[in-house]
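# Breakdown of the fold
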Amino acid sequence: DGGITQSPKYLFRKEGQNVTLSCEQNLNHDAMYWYRQDPGQGLRLIYYSQIVNDFQKGDIAEGYSVSREKKESFPLTVTSAQKNPTAFYLCASSSRTGGTDTQYFGPGTRLTVL
Amino acid sequence: AQSVTQLDSHVSVSEGTPVLLRCNYSSSYSPSLFWYVQHPNKGLQLLLKYTSAATLVKGINGFEAEFKKSETSFHLTKPSAHMSDAAEYFCVVSDWGGGYNKLIFGAGTRLAVHP
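Description of the structure in this document.

What counts, and at which threshold
- Within each chain, residues carry numbers counting from 1 in the order of the written sequence.
- Chains and ligands are labelled by the order in which they are written, letters from A for the one and numbers from 1 for the other.
- Reporting of local features is limited, given that this is a predicted model, to residues whose pLDDT is at least 70; pairs of side-chain atoms are given and counted only at 80 or more, and all residues count toward the totals for whole chains, interfaces and linings.
- The side-chain quantities take in all heavy atoms of the structure and omit both hydrogens and water.
- Strands are labelled as partners when DSSP assigns at least two bridges between them.
- Elements are defined by DSSP. Helices are runs of H or I of four residues or more, strands are runs of E of two residues or more, and each kind is numbered from the N terminus.
- For patches, a residue must show more than 30% relative accessible area and have no salt bridge; joins then use 9 Å for like charges and 5 Å for nonpolar side chains, namely Val, Leu, Ile, Met, Phe, Trp and Tyr.
- For every accessible area listed, the method is Shrake-Rupley and the probe measures 1.4 Å; residues are considered covered only by the protein chains on display.
- A pair is scored as a salt bridge if a Lys or Arg side-chain nitrogen falls within 4 Å of a carboxyl oxygen belonging to Asp or Glu.
- The contact rule is simple, with two residues in contact once any of their heavy atoms fall within 4.5 Å.
- Here the quantity called buried area is the total loss of accessible area, with a 1.4 Å probe, experienced by two parts when brought into contact, counted for both.
- For the purposes of these results, a polar contact is taken to be a pair of N or O atoms within 3.5 Å, where, inside protein, one atom must be able to donate a hydrogen and its partner to accept one; residues adjacent in sequence count only when each atom of the pair is a side-chain atom.
- Following the grouping adopted for this structure description, the nonpolar residues are Ala, Val, Leu, Ile, Met, Phe, Trp, Tyr, Cys and Pro, the charged ones are Asp, Glu, Lys and Arg, and the polar ones are all others, Gly among them.
- The rule is short: rings of Phe, Tyr and Trp, with Trp giving its six-membered ring, pair when the centres are within 6.5 Å, and they are stacked under 30 degrees, edge-to-face over 60, tilted in between.
- To sort residues, take the accessible area from a 1.4 Å probe on protein chains only and compare it with the maximum for the residue type: under 20% means buried, over 50% means exposed, and anything in between is partly exposed.
- Lines are fitted to the C-alpha atoms to define the axes, a helix being fitted only along its stretch in contact, and any angle between axes, read from their N-to-C directions, falls within 0 to 180 degrees.

Moving on to the pairing of strand β5 (residues 43-51) of chain A. Regular strands place side chains that alternate from one sheet face to the opposite one. All names here are of chain A. When strand β4 (residues 31-37) meets β5, the two strands line up antiparallel, connected through six bridges. Across the sheet, the residue bridging to arginine 36 is arginine 44, located in β5. The antiparallel hairpin formed by β4 and β5 contains five residues in its connecting segment, where glycine 40 sits at a positive phi of about 75°. Two strands pair when backbone bridges link them, and β5 and strand β6 (residues 54-57) are joined in this way by three bridges, in the antiparallel orientation. Pairing of tyrosine 47 across the sheet is with lysine 57, part of β6.

Okay, structure coming up:
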C-alpha cells in the first residue's frame, strides 16, 4: 500500500529533552512537509523540503530541526529550545511543490511534554 | 497574501439533513482551493480540490463545493448527512509564496451529526 507513515503515534517528552518524530513515504514524492496542529487552530508549517538534501524553514521553525538524507524520509527533531512543544504533528508529501499539487497527510504524532 | 476564513467554528445537523460548511478566501490571483477532513486523532484526508477547471467540484463521500469568484467563497455541501461525517473540516488555499506549494489553512469547522 502506498502512503505516509508516522511514528510513534504518541510520544512523551520530559522538559529539556530532544525528541525525533519519524515520517516515511513510499509515494515517490519529491516534496515533504511538517505541520503543527494546536487545539482549535488550523495547521501551521514548520519545515518543508522540495528535494533530497534541501529544506526550508516554514512559519514556526524555531526550536525544530529536520534532515532530508533520503527521498522517502523526513524526520523532525523537537529540541529543548521549543518552549511549548505539546501538540499534534502532521507530516505530508506531494509530488512537486506546484500550486495545484495535492498534499497527502500521515496519521500524525501526538507529543506531550511532561 | 492569501488567507482563508471559515465562518462557523461548529455546525450541528441531524442525520439525513443537508450540510453546509462555509469558507471565504482572499487571493490576489486565481487560487487553488481544497477541503480536507480530519477525524479525531487522525491525519487529514482530501475531500476535493478546485484548480480553475469546473467551478462545481465533486469530491468523495458525496461532498461537493462550488467556487464563486464574485463572492470569494468555496462552500462545502452535502445533500444528506451521515453519522460518519462527524469530523473537523478544513478549507485550504494554496499560496505560491516562496515558489513552493504553501497551504494556508482555515481554523476548521467541527461538524456534529445527531441521530
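There is more to say, and it comes next.
What follows deals with a nonpolar patch on the surface. On the surface, a cluster of nonpolar side chains totalling about 360 Å² of accessible area is made up of Tyr10(A), Phe12(A) and Leu114(A). For Phe12(A), the location among the structural elements is in strand β2 (residues 10-13).

Moving on, we come to the interface of chain B and chain A. Residue-level contacts link 23 residues of chain B with 25 residues of chain A. Both faces combined, the contact of chain B with chain A buries some 1,900 Å², and carbon together with sulfur accounts for 51% of it. Joining chain B to chain A, the criterion identifies zero salt bridges. At the boundary of chain B and chain A, one finds five residue pairs in polar contact (both at pLDDT 80 or more). Taken together, the elements giving at least two residues each to the side of chain B that touches chain A come down to β5 (33-38), β6 (44-50), β10 (87-95) and β11 (102-105) of chain B. The residue makeup of the side of chain B that touches chain A, split by class, is ten nonpolar, ten polar and three charged.

According to the stated counting rule, one finds 13 aromatic pairs over all chains in the structure shown. An angle of 25° between the planes, with centres 6.4 Å apart, marks the rings of Tyr33(A) and Tyr35(A) as stacked. An identical accessibility class is assigned to Tyr33(A) and Tyr35(A); each is buried. For the ring pair Phe90(B) and Phe105(B), a centre distance of 6.4 Å and an interplane angle of 80° mean the geometry is edge-to-face. With Phe90(B) in strand β10 and Phe105(B) in strand β11, this residue pair connects regions lying 15 residues apart in the sequence. By the burial criterion, Phe90(B) is buried, and Phe105(B) matches it. Three or more aromatic residues joined by ring pairs form one cluster here, namely Tyr33(A), Tyr35(A), Phe105(A), Phe34(B), Tyr36(B), Phe90(B) and Phe105(B).

Another aspect to go through is the pattern of salt bridges. Evaluated as defined, the whole model comprises seven salt bridges over all chains. Between Asp38(A) and Arg36(A) there is a salt bridge; the shortest N-O distance is 2.9 Å. For the pair formed by Asp38(A) and Arg36(A), the shared burial category is buried. Between Arg110(B) and Glu88(B) there is a salt bridge; the shortest N-O distance is 2.7 Å. Here Glu88(B) lies in strand β10 and Arg110(B) lies in strand β12 (residues 109-114), a separation of 22 residues in the sequence. Take Arg110(B): its relative accessible area is 41%, and that puts it in the partly exposed class.

What follows covers the sheet that holds strand β8 (residues 76-78) of chain A. Residue and element names in this part refer to chain A. Spatially, four strands are ordered β1-β3-β8-β7 in an open sheet, and the strand pairing comes out antiparallel. Of all strands in the sheet, those with a lone pairing partner are β1 (4-7) and β7 (64-66), marking the two edges. Neighbour to neighbour, the strand axes of the sheet diverge by 20° on average, direction disregarded. Looking at chain direction, β1 and strand β3 (residues 19-25) are connected through four bridges and run antiparallel. Bridging from a neighbouring strand, isoleucine 4 pairs with glutamine 25 of β3.

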